[in-house]
Amino acid sequence: MKTPNKSRDLTLTTAAVGLLLVFLWWANGHLDNYKIQVLNLIAINSILALSLNLIYGFTGMFSLGHAGFMAIGAYVSSLLILPPVQKEMIYILQPLIWPFSVLQAPFFIAVLAGGFAAALLGLIIAIPVLRLGGDYLGIATLGFAEIIRVVFTNLTPITNGALGLKGIPNYANIWWNYGWCLLTLFFLIRLINSNFGNVLKAIRDDEVAARAMGINTFKYRVVSFSIGAFFAGIGGALMASLITTIDPKMFSFLLTFNVLMIVVAGGLGSLTGSIIGSAVITVLLEWLRFVENPIDIGSFHLDGIPGMRMVIFSLLLILIILFRREGIMGMREFSWDSLINRFSRGGEAR
Amino acid sequence: MSANPPVLETREVTIRFGGLTAVSNFNISVPKGSIVGLIGPNGAGKTTCFNIITGFYKPTQGDVFLEGKRITGLPPHKVCEEGIARTFQNIRLFYNETVLQNVMIGGFVRQKSHWWMPPLLIPSCTREERELRDRAMALLDSVGLGKLAGEISSSLPYGAQRRLEIARALATKPKFLLLDEPAAGMNPQESQELMDFIKRIRTDFDLTILLIEHDMKVVMGVCEHIWVLDYGILIAEGNPEQIRTNPKVIEAYLGEEATQNA
């Protein structure tokens, strides 16, 4: 079906990636730190949204445990990149116990280790929890994320308790973030477009029929959940290095909610949607900060209300659910064909 | 019955749900290459039998054998791996996927590559997937759905959805195919086409077929041997002619009075 245009699509995709890199290079040199921070957040939120979309949008498992996996990834990778001197300095309540106090790894390895740690934990909790379905799964995974948070608060010899980790080296620059983002995107595009991706969607659409077709649905649900946890861990690791300070409070349900909002707004079951959703929501979240500042409309004065933008976002989510349940993209994906057809009016639809 | 060895055999299969015995002492033996039917009034336990054979229910007693191998209690996906495929009474397609994807999902059970291979661009996996796609296309062409391969399966007309469900089951390369009311909701012409279709896939794919059906014209038209189930008990078996004239069968379907008046 698509074979004749394969080489054209490859060329166009390479060109688009090249263009993105040129833009990032330009941005890196010309934009101020605040705007670069927003660009970084878009990349990390994309990784998080893509991973949740794999679990929820493509495999149909309503999971609210994302903050938990992010916490694992963030802590594991941070412990690996923190210099020993810094570790001694911040662990004031109780010293860091042995293997962690000397372990060191380059940034790439540390992020990867964070991903694998999250995936391993995902695997361990998936086996009991994925016997549940629907809302029950959501509640169980939410509980799991809370457990992680509480454990991290109390595991002072490893996590430094409620004080968290400070002075994490700021390696996660725009290149690392977008590099990981593109890697995640590539991995998931290949996965979703393979027959294995079809199988995941089959499990989402009709699990009974999938089982009758010889698919070990439990196994593949566990696999999908663990892959999602892996990339959530990667996202958490990058986030930790980007903002250089983490503590257990950061990984509360609100973080999962943000990612969930991106996924739902972008479109459940659309990788393109998750990317667009990340860009739109991240920028909106920053731009909407003005509503929390004092505003003068004519002679009318409004005091700034902290937290107002979250109210607006909750309203937005309700509006999406009421009027556009499928999100920005629905289940559609971006393709060069559809883009070209849109611009050349003569082209037939699809 | 013919001298062919049985493809499927059930021995004294019984299933109880709490105090209710849904199926009891279910013994059938299906010869290789035949098309056989399982009929009975509503609620007789026909679909329950299908669910036992395909592993969705575990029988309380008794055993199921596929080509002499005991498959009782295997989970559904293992049963499918062993070579039993089925369709459902109310069509269960993967409605958000295209027609081609539906059939490819059916082929997954025979796929050798692992899930982590496509992202790593492993050549053998790419090749296998291409072959799978070609095979799925060929299968769709052979059931007359080739032109609709790119359509989303929920947009298909009813008859085509039925055929797609059978094509998807065929993609798992079964030895034994179970069809649960394939003619439900079809007009006489469509059911005539269906009968030809069932006979054709039997020879083309070297299948043995067991079907549940209420449309007597279809049952009598394609089945070589029929079992009749009533309240979970086999009350009769034989060729279509024997079944048509069996007083027990008439009684089960029409009630006792009808037999007396007849």
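As the structure is a computational prediction, the values presented were derived from the model and not from experiment.

Now for the overall build of chain A. Looking only at helices and strands, chain A features 16 helices and two strands. Radius of gyration (C-alpha) of chain A: 21 Å, near the 20 Å computed for a compact globule of 350 residues. Summarising its shape, the C-alpha atoms of chain A cover approximately 70 × 65 × 40 Å along the three principal directions. Counting every position in chain A, which comprises 350 residues, the buried fraction comes to 48%. A separation of at least 24 residues holds for 81% of the contacts in chain A among residues at least 6 apart in sequence.

Moving on: a positive patch on the surface. Judged by side-chain charge, Lys 6 of chain A together with Arg 127, Arg 130 and Arg 133 of chain B come together as a positively charged surface patch. If you tally residues by element for the positive patch, the top one is helix H4 (residues 123-142) of chain B, at three residues. By the element assignment, Arg 133 of chain B lies in helix H4. Looking at Arg 133 of chain B, the relative accessible area reads 34%, which means it is partly exposed.

Moving on: the packing of helix H6 (residues 107-129) of chain A against helix H7 (residues 134-154) of chain A. Residue and element names in this part refer to chain A. Here H6 crosses H7 at 140 degrees, and the two axes come no closer than 11 Å. Classed by the angle they form, the pair H6 and H7 counts as oblique. Where H6 crosses over H7, the handedness of that crossing is right-handed. Of H7, the residues touching H6 (which contributes Leu 121, Ile 125 and Val 129) are Leu 137, Ala 140, Thr 141, Phe 144 and Ile 148.

A word on the interface of chain A and chain B. Each side of the interface is counted separately: chain A has 30 residues, and chain B has 32 residues. Interface area, chain A with chain B, both sides summed: about 2,800 Å², of which 66% is carbon and sulfur. A salt bridge links Asp 206 of chain A to Arg 92 of chain B; the shortest N-O distance between them is 2.8 Å. Where chain A touches chain B, the interface holds eight residue pairs in polar contact (both at pLDDT 80 or more). Secondary-structure elements contributing two or more residues to the side of chain A that touches chain B are helix H9 (174-193), helix H10 (195-205), helix H11 (207-212) and helix H12 (217-243) of chain A.

With that settled, the discussion passes to the pairing of strand E10 (residues 233-238) of chain B. Regular strands place their side chains on alternate faces of the sheet. Residue and element names in this part refer to chain B. Relative to E10, strand E9 (residues 225-230) runs antiparallel, the two sharing five bridges. Bridged to Leu 229 within E10 is Leu 234. Between E9 and E10, which pair antiparallel in sequence order, lie two residues; one of them, Tyr 231, sits at a positive phi of approximately 45 degrees.

Ranked by internal contacts, the top residues of the largest apolar core, which has 108 residues, are Leu 165, Ile 215, Tyr 220, Leu 238 and Phe 251 of chain A. Excluding anything up to four places from it in sequence, Leu 238 of chain A contacts Ile 44, Ile 47, Phe 107, Val 111, Ala 172, Asn 177 and Trp 180 of chain A. The next biggest cluster of nonpolar side chains, apart from the first, holds 46 residues, and it includes Leu 140, Leu 164, Leu 170 and Leu 211 of chain B.

All names here are of chain B. Burial runs high along strand E3 (residues 35-39): five of the five residues are buried. Side chains of E3 alternate between two faces, with Ile 35, Gly 37 and Ile 39 and Val 36 and Leu 38 buried alike. Where E3 lies against strand E8 (residues 208-212), four bridges are found, and the strand directions are parallel. By the bridge assignment, Gly 37 is partnered in E8 with Leu 211.

This part takes up empty space enclosed by the protein. Using the criterion set out here, one finds one cavity of 30 Å³ or more in the structure. The volume enclosed by the largest cavity comes to roughly 30 Å³. Around the largest cavity, the lining residues are Ala 212 of chain A together with Thr 54, Phe 56, Pro 76, Val 79, Cys 80, Ile 84 and Ala 85 of chain B. A per-element tally of the lining of the largest cavity places helix H2 (residues 76-82) of chain B first, with three residues. Looking at the lining of the largest cavity, its residues break down into seven nonpolar, one polar and no charged.

Here we come to a nonpolar patch on the surface. All names here are of chain A. Together, Val 17, Leu 21, Val 22, Phe 23, Trp 25, Trp 26 and Trp 175 give the surface a local cluster of nonpolar side chains, amounting to about 690 Å² of exposed area. For the nonpolar patch, the element with the highest residue contribution is helix H1 (residues 6-30), accounting for six residues. Positionally, Val 17 belongs in helix H1. Overall, the relative accessible area of 31% leaves Val 17 in the partly exposed class.

All right, on to helix H15 (residues 308-323) of chain A then. Residue and element names in this part refer to chain A. With 16 residues, H15 should reach 22 Å at 1.5 Å per residue; the first-to-last C-alpha distance of 23 Å fits that figure. Listed as buried for H15 are Arg 309, Phe 313, Leu 317 and Ile 320. Seen along its axis, H15 keeps its buried residues to an arc of 85 degrees; they face one direction. Among the exposed residues of H15, those oriented more than 90 degrees off its buried face are Leu 315, Leu 322 and Phe 323. Contact partners of the buried residues in H15: helix H13 (253-266) and helix H14 (271-287).

As a further point, take the packing of aromatic side chains. One pass over the full model with this rule turns up 21 aromatic pairs over all chains. Relative to Trp 176 of chain A, the ring of Phe 107 of chain A has its centre 5.3 Å away and its plane inclined at 80 degrees; by these criteria the two rings are edge-to-face. Residue Phe 107 of chain A is located in helix H6, and its partner Trp 176 of chain A is located in helix H9; the two are separated by 69 residues in the primary sequence. On the accessibility criterion, Phe 107 of chain A (7% relative accessible area) is buried. Here the basic side chain of Arg 11 of chain B rests over the ring of Phe 65 of chain B, its NZ or CZ set 4.2 Å away from the ring centre.

Residue and element names in this part refer to chain B. Here six strands make up an open sheet; going across it, the order is E6-E7-E8-E3-E9-E10 and the pairing mixed. In this open sheet, the two strands that pair with only one neighbour each are strand E6 (84-86) and E10. Each strand of the sheet is rotated relative to its neighbour by a mean of 20 degrees, with strand direction disregarded. Lying over the sheet, helix H5 (residues 158-170) contacts E6 and strand E7 (176-180), oriented at roughly 155 degrees with respect to E7. Its contacts with the sheet put helix H6 (residues 188-204) on E3, E7 and E8, and the angle it makes with E8 is roughly 155 degrees.

Here the focus is the pattern of salt bridges. Evaluated as defined, the whole model comprises 19 salt bridges over all chains. Here Lys 35 of chain A ties to Asp 32 of chain A by a salt bridge, and the two come within 3.8 Å at their closest N and O atoms. Under the relative-accessibility criterion, Asp 32 of chain A is labelled partly exposed at 39%. One salt bridge connects Arg 168 of chain B with Glu 165 of chain B, and the closest N-O pair in it is separated by 3.9 Å. A residue pair is termed a helical-turn pair when its members lie 3 or 4 positions apart in one helix, as Arg 168 of chain B and Glu 165 of chain B do in helix H5 at three residues. Overall, the relative accessible area of 0% leaves Arg 168 of chain B in the buried class. Connected through salt bridges with shared partners, the residues Arg 8, Asp 9 and Asp 337 of chain A form a single ionic network.

Here is what the cut-offs are and how they apply
Residues numbered from 1 in each chain as written. Chains lettered and ligands numbered in written order. Predicted model: local features only at pLDDT ≥ 70, side-chain atom pairs only at ≥ 80, totals over all residues. Heavy atoms only, no water. Helix = DSSP H or I, 4+ residues; strand = E, 2+ residues; numbered from the N terminus. Rg over C-alpha atoms; globule rule 2.2 N^0.38 Å. Buried < 20%, exposed > 50% of the residue type's maximum accessible area, 1.4 Å probe, protein only. Contact = heavy atoms within 4.5 Å. Patch = residues over 30% accessible without salt bridge, like charges linked within 9 Å, V, L, I, M, F, W, Y side chains within 5 Å. Areas by Shrake-Rupley, 256 points an atom, 1.4 Å probe, with all protein chains shown as cover. Salt bridge = Lys/Arg side-chain N within 4 Å of Asp/Glu carboxyl O. Lys, Arg positive; Asp, Glu negative; His and termini not counted. Charge placed at Lys NZ, Arg CZ, Asp CG, Glu CD. Axes fitted to C-alpha atoms, helices over the stretch in contact; angles between N-to-C directions. Parallel < 35°, antiparallel > 145°, perpendicular 65-115°, else oblique. Left-handed = near helix turned anticlockwise from the far one by under 90°. Buried area = accessible area lost by both parts, 1.4 Å probe. Polar contact = N/O pair within 3.5 Å; in protein donor to acceptor, adjacent residues only side chain to side chain. Pairing = 2+ DSSP bridges. Core = buried A, V, L, I, M, F, W, Y, C linked by side-chain atoms within 4.5 Å. 1 Å grid on protein atoms, 1.4 Å probe; cavity = no way out; pocket = protein on both sides within 12 Å on 5 of 7 lines; lining within 4 Å. Points joined across faces, edges and corners; volume = space filled by probe spheres on them. Nonpolar A, V, L, I, M, F, W, Y, C, P; charged D, E, K, R; others polar. Expected span 1.5 Å × (residues − 1). Arc of directions from axis to C-beta. Phe/Tyr/Trp six-rings, centres within 6.5 Å; stacked < 30°, edge-to-face > 60°. Lys NZ or Arg CZ within 6 Å of the ring centre and 35° of its normal.

Any functional reading would require information beyond the geometric quantities listed.
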